[in-house]
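# Understanding the architecture of this molecule
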Amino acid sequence: MKRWVVISTGVFLLFLSIFPANTLPARASSTLSAGFYVGWVSLVARTDFNGTFSTTDSQTAYSLIDKLEGRGQLMVKIDNAGSGGASIVLPTAMTREEDLKMDTSEGSCLYSVGTWARSNYVHLRGNPAAMGNTFQVPFNPAAGFYSTSSTHMALHTGEIGGCEQMSEGMEATDRDLLKLIAAEITAIQFQINYSSDTGMGGNCSLPGWVQTASIPPYTGTNIYSLPKCTWRVFKSNTTSTQTGWK
Amino acid sequence: MMKPSTVKPTQIALTVMLVGLISLACTLSQFATQTPISKITGTLQPAPIGSASAGQKTPASDASQEDITHPDPMDHLLALDSIQINLTSTRPTSSSQSTQIAIDNAGNMDVKFTENAPEPENLPKGFDPKAIKTDSELLVVGGKAYLPNDLDPNWMSNPIDEDYRVTLAQELHGMDGPAVWLNMLPDGSIQPAGQDLVGGFAVNKYIVNGKVDDQTISGSLWEEPKSDALIQAELTIPGALLSDPEQPEAGELKIVLHAQKADVPAITLPAAQVGTVQPQATP
């Protein structure tokens, strides 16, 4: 009986070596498995600015943050020839938060403005094109943009005037400015970092987004960054032309 | 004295059978992750409806419309009248968002979005996080969406979306809704579990239990068979499916959908300012 156990164990180990357990997906392969993939894309893009402006009679400190957070659906289709394309449905929530503090000999003004907006961008896959380790689709969060809410607050000391009015004016203006910032995004590029027979994914980027800019007349740099942009899709077991759920 | 060990023919046969079983198990496990091997009866099959449910913002070939234009039970829910819908998703980070939709008997909608309050460090200086309005509301009349806006006295004359039903359907098919995850599941992952009564509807209940990339998506669905509308859903999606497989995120995404029949008051727009035209709801 002991020999039977030894033989069985040996055979078992042999087969384990032949049929290894499912491993993590391979890193980006040169050939992508044909099929219809469904999954998600998630991104956070932002701008950060801190600057100052001085005159003989005043000193102003200004800070501004624009933040765009998108979470949506990504669909990829790859044919047997390795060609394909992608569709996205990508709702984006956007915020703009700014603070200004001005000190003059007549007093000081401090105001803050917050603006919130949303959009939903849809791009449907076009004719199949060659798929490499990157693919790009149009993405414009300014399309379908609408402001959802905004608020402002202002405090002043001394004889300085116009603080409250400036804050109110900026609340209305910021809605337009936030849309202009969103309009700077025109595409999203997907980098395939890993792929397997069952799915693929990786990082994404917004071409032209990461940059620096100035906001005259302030000193300082407006930094455009992309702290997060990831995606992952899973091979659908149904064809894309089927409807309903299993 | 030790008993001499010999291998009997029956033991050899058992060994061969064991090898065969292991081989079969390995082969089946590979099929299980790659190819569906079974179909169930009593599936959620959408009733055919006349129009596609998705539009497009950018040009694309007709062939690509197949990606998102096929109505599913989530779309059929939005087609119901006199109903209240609440869709809430709680992410692994514990942040959450919810969408509340009231649809009156004319098909007009009141849509509210609620998100977590922003983190204090992301707020302008001096702002009280509790004072920040994190919800927004849209009125949908005649299919067009209007955003009540204190800064625009004529907001009721300026729709922000000409076909909001399409937009809403697309948003609810995002990663915080149930549809995208149900689409990933292999055949056989949704099994009938009898009849039930929820939200004033007589429904068929289904148990969800399926694997995507070795991660189990589980929960329950309740479908109204006549309209093929998804009336209720409770889904749990592992955080690992929301991240790079080599850096799996802990926790879960929980999606809860509840709909119920309701006597929703007629949803209309306030009177427009003089000189503007009041939009009319279309039947």
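Residues numbered from 1 in each chain as written. Chains lettered and ligands numbered in written order. Predicted model: local features only at pLDDT ≥ 70, side-chain atom pairs only at ≥ 80, totals over all residues.

## Re the overall build of chain B
Looking only at helices and strands, chain B has 4 helices and 10 strands in total. Counting from the amino terminus, chain B carries its helices and strands in the arrangement α-α-β-β-β-β-β-α-α-β-β-β-β-β. Within chain B, counting contacts between residues at least 6 apart in sequence, those at least 24 apart form 53% of the total. (Helix = DSSP H or I, 4+ residues; strand = E, 2+ residues; numbered from the N terminus. Contact = placed C-beta atoms within 7 Å.)

## Examining the overall build of chain A
Looking only at helices and strands, chain A has 2 helices and 12 strands in total. In chain A, the succession of helices and strands from N to C terminus is α-β-β-β-β-β-β-β-β-α-β-β-β-β. For chain A, restricting intrachain contacts to residue pairs at least 6 apart in sequence, the fraction spanning at least 24 positions comes to 72%.

## Re helix α3 (residues 164-172) of chain B
Burial within α3 of chain B is extensive, with 8 of its 9 residues counted as buried. Three or more residues of α3 of chain B are buried, namely Y164, V166, T167, L168, A169, Q170, E171 and L172 of chain B. (Buried ≥ 20, exposed ≤ 12 C-beta atoms within 10 Å, placed from the backbone.)

## What about the sheet that holds strand β2 (residues 96-103) of chain B?
Residue and element names in this part refer to chain B. Read from one edge to the other, the open sheet built from 10 strands follows the order β5-β4-β3-β2-β1-β10-β9-β8-β7-β6, with strand pairing classed as antiparallel. In this open sheet, the two edge strands, each paired with only one partner strand, are β5 (144-146) and β6 (190-198). Averaged over all pairs of adjacent strands, the angle between their axes in this sheet comes to 15°, without regard to strand direction. Judged from the 8 bridges that link them, strand β1 (residues 83-90) and β2 form a sheet pairing that is antiparallel. Along β2, the bridge assignment pairs L87 with T99. (Pairing = 2+ DSSP bridges. Axes fitted to C-alpha atoms, helices over the stretch in contact; angles between N-to-C directions.)

## A closer look at the nonpolar core
Judged by nonpolar contacts, the single largest core of 98 residues is most densely connected at L74 of chain A together with Y146 of chain B. The element contributing the most residues to this core is strand β2 (residues 35-54) of chain A, with 7 residues. Formed by 5 residues, the second largest nonpolar core is a distinct cluster that contains L100, C109, V113 and M170 of chain A. (Core = buried A, V, L, I, M, F, W, Y, C linked by C-beta atoms within 7 Å.)

## A look at the pairing of strand β8 (residues 215-224) of chain B
Residues and elements named next belong to chain B. Both strand β7 (residues 201-212) and β8 contribute to a ladder of 9 bridges, which runs antiparallel. Pairing of N204 across the sheet is with E223, part of β8. If you look at the hairpin formed by β7 and β8, you'll find 2 residues sitting between the two strands, and D213 has a positive phi there, around 50°. Strand direction decides the pairing type here: β8 and strand β9 (residues 229-238), joined by 7 bridges, are antiparallel. Each bridged residue has a counterpart across the sheet, and for W222 the counterpart in β9 is Q232.

## Some points on the environment of I185 of chain A
Residue and element names in this part refer to chain A. Within the secondary structure, I185 sits in the loop between α2 (163-182) and β9 (187-195). A sequence separation of 26 residues divides I185 from E159, and the C-alpha atoms of the two residues are 43 Å apart. Once residues within four sequence positions are removed from consideration, I185 is found in contact with F139, N140, P141, L206 and W209.

## Here we look at the confidence of the model for chain B
Residue and element names in this part refer to chain B. Per-residue confidence for chain B gives a mean pLDDT of 76; residues scoring 70 or more make up 65%. Of all the helices and strands in chain B, helix α1 (residues 9-34) carries the lowest mean pLDDT, 37, while β9 carries the highest, 98. Under a pLDDT of 50 for its full length, residues 1-65 has, in the predicted model, 92 contacts with residues more than four places off or in other chains. (pLDDT = per-residue confidence, 0-100.)

## Thoughts on the environment of T47 of chain A
Residues and elements named next belong to chain A. Note that T47 resides in strand β2. When the C-alpha atoms of T47 and S225 are compared, they prove to be 6.1 Å apart, with 178 residues separating the residues in sequence. Apart from the residues lying within four places of it in its own chain, the contact partners of T47 are I65, D66, I181, N222, I223 and Y224.

## Remarks on the pairing of strand β5 (residues 107-123) of chain A
Residue and element names in this part refer to chain A. Burial analysis of β5 places 14 of its 17 residues in the buried class, which makes it a mostly covered element. Pairing analysis gives 17 bridges linking strand β4 (residues 83-104) to β5, with the strands arranged antiparallel. Considered in β5, the bridge of T104 is made with G107. Where β4 hands over to β5, the hairpin turn is made up of 2 residues, counted between the paired strands. Summarising the sheet, β5 and strand β8 (residues 146-158) pair through 12 bridges and their orientation is antiparallel. Paired with G107 across the strands is G158, a residue of β8.

## Quick look at the environment of Q260 of chain B
All names here are of chain B. Within the secondary structure layout, Q260 lies in strand β10 (residues 252-261). Each C-alpha atom of the pair Q260 and S82 lies 8.7 Å from the other, and the pair is 178 residues apart in sequence. Apart from the residues within four sequence positions on either side, Q260 is in contact with I83, Q84, G199 and G200.

## Concerning α2 of chain A
All names here are of chain A. Taking 1.5 Å of rise per residue, the 20 residues of α2 would be expected to cover 28 Å, and the 28 Å separating its terminal C-alpha atoms lies within 8% of that figure. For α2, the principal kink sits at T173 and spans about 35°. Within α2, the full set of buried residues consists of S167, M170, D174, R175, L178, K179, I181 and A182. For α2, the secondary structure elements touched by its buried residues are β2, β3 (58-78), β4, β5 and β8. (Expected span 1.5 Å × (residues − 1). Bend = angle between axes of the 7 residues up to and from the residue.)

## Section: the confidence of the model for chain A
All names here are of chain A. When the pLDDT values of chain A are averaged, the result is 85; 84% of them are 70 or greater. Contacts for the low-pLDDT stretch residues 5-29, under 50 throughout, to residues beyond four places or in other chains number 31 contacts. For the stretch residues 239-243, pLDDT sits under 50, and the model shows 9 contacts to residues farther than four places along the chain or on other chains.

## Looking at unusual backbone geometry
Following P216 of chain A, the chain continues into P217 of chain A via a peptide bond in cis, with omega recorded as 5°. Tracing the backbone through its elements, the reader meets P217 of chain A in the loop between β11 (211-213) and β12 (222-235). Of note, S82 of chain B is a non-glycine position whose phi angle comes to about 50°, a positive value. For S82 of chain B, the position within the fold is in the loop between α2 (73-78) and β1. On the basis of neighbour counts, which here come to 15 C-beta atoms within 10 Å, the residue S82 of chain B falls in the partly exposed class.

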